[in-house]
Amino acid sequence: MPKDSRLRRLLTLATDNWPARGCLGVFAASVGAAFVAPDSLFATAHLLLTAPLSTMAIALPFGPGTGGGGAAQVLAVAFSAVWLLLSALVNAAALGALTHHVRDSRAARHA
């Protein structure tokens, strides 16, 4: 299976139904809240919304706030942002797949 079809399938599952789109919308709103009010209770909500995958990046020896500056810091922040976005897409895709499964099982039961 080509890699682009896997990515396309992930994006399709993450965006083709309302619960998955809602999950991505809440994630986007929580990231916006973190920029608007970084000291609020909602500033870390995006980390909780992407919890299983986003916490794996904690084990890496680099990321925002690590020692170094300049290009190393920019690279660390960019990697963390991409990892967080990927984690949100995977969670939304899982919710989308679960929604499809529930819908299909209900349709099979009532057929």
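Residues numbered from 1 in each chain as written. Predicted model: local features only at pLDDT ≥ 70, side-chain atom pairs only at ≥ 80, totals over all residues. Heavy atoms only, no water.

Draft legend 1. Quick peek at the overall build of the protein. Summing up its helical and strand segments, the protein has 5 helices and 0 strands in all. When the helices and strands of the protein are listed from N to C terminus, the series reads α-α-α-α-α. Among the 111 residues that make up the protein, the fraction classed as buried is 23%. Pairs at least 24 residues apart make up 61% of the contacts formed inside the protein by residues separated by at least 6 positions. (Helix = DSSP H or I, 4+ residues; strand = E, 2+ residues; numbered from the N terminus. Buried < 20%, exposed > 50% of the residue type's maximum accessible area, 1.4 Å probe, protein only. Contact = heavy atoms within 4.5 Å.)

Draft legend 2. How the structure looks around helix H2 (residues 18-36). The terminal C-alpha atoms of H2 lie 26 Å apart, and with 19 residues this matches the ideal 27 Å at 1.5 Å per residue to within 8%. Among all positions in H2, only Ala20, Leu24, Phe27, Ser30 and Ala34 are buried. All buried residues of H2 fall inside an arc of 120° around its axis, so they share one side. Structural note: H2 exposes Trp18 and Val36 on the side pointing more than 90 degrees away from its buried face. (Expected span 1.5 Å × (residues − 1). Arc of directions from axis to C-beta.)

Draft legend 3. Expanded view of the packing of aromatic side chains. Under the criterion given, the structure shown has 1 aromatic pair. Between the aromatic rings of Phe79 and Trp83, the centroid separation amounts to 6.2 Å while the plane-to-plane angle is 20°, which identifies the pairing as stacked. Taken together, the residues span about one helical turn, with Phe79 and Trp83 both in helix H5 (residues 71-109) at a distance of 4 residues. Look at Trp83 and you get partly exposed, because its relative accessible area is 24%. Here the basic side chain of Arg21 rests over the ring of Trp18, its NZ or CZ set 4.5 Å away from the ring centre. (Phe/Tyr/Trp six-rings, centres within 6.5 Å; stacked < 30°, edge-to-face > 60°. Lys NZ or Arg CZ within 6 Å of the ring centre and 35° of its normal.)

Draft legend 4. View of the nonpolar core. The biggest cluster of nonpolar side chains holds 10 residues, and these are Leu10, Ala14, Ala20, Leu24, Phe27, Leu84, Ala88, Leu89, Ala92 and Ala93. Of all the secondary structure elements, the ones that give two or more residues to this core are helix H1 (3-15), H2 and H5. Counting residues per element, this core draws most heavily on H5, which supplies 5 residues. Excluding anything up to four places from it in sequence, Leu89 contacts Leu10, Leu11, Ala14 and Leu24. (Core = buried A, V, L, I, M, F, W, Y, C linked by side-chain atoms within 4.5 Å.)

Draft legend 5. The side chain of Asn17, seen in detail. You can see Asn17 is positioned in the loop between H1 and H2. Judged by its relative accessible area of 5%, Asn17 is buried. One polar contact links the side chain of Asn17 to the main-chain amide nitrogen of Ala20, over a distance of 3.0 Å. Of the polar contacts made by the side chain of Asn17, one reaches the backbone oxygen of Gly96; its length is 3.3 Å. Beyond its immediate sequence surroundings of up to four residues, Asn17 is in contact with Gly96, Thr99 and His100. (Polar contact = N/O pair within 3.5 Å; in protein donor to acceptor, adjacent residues only side chain to side chain.)

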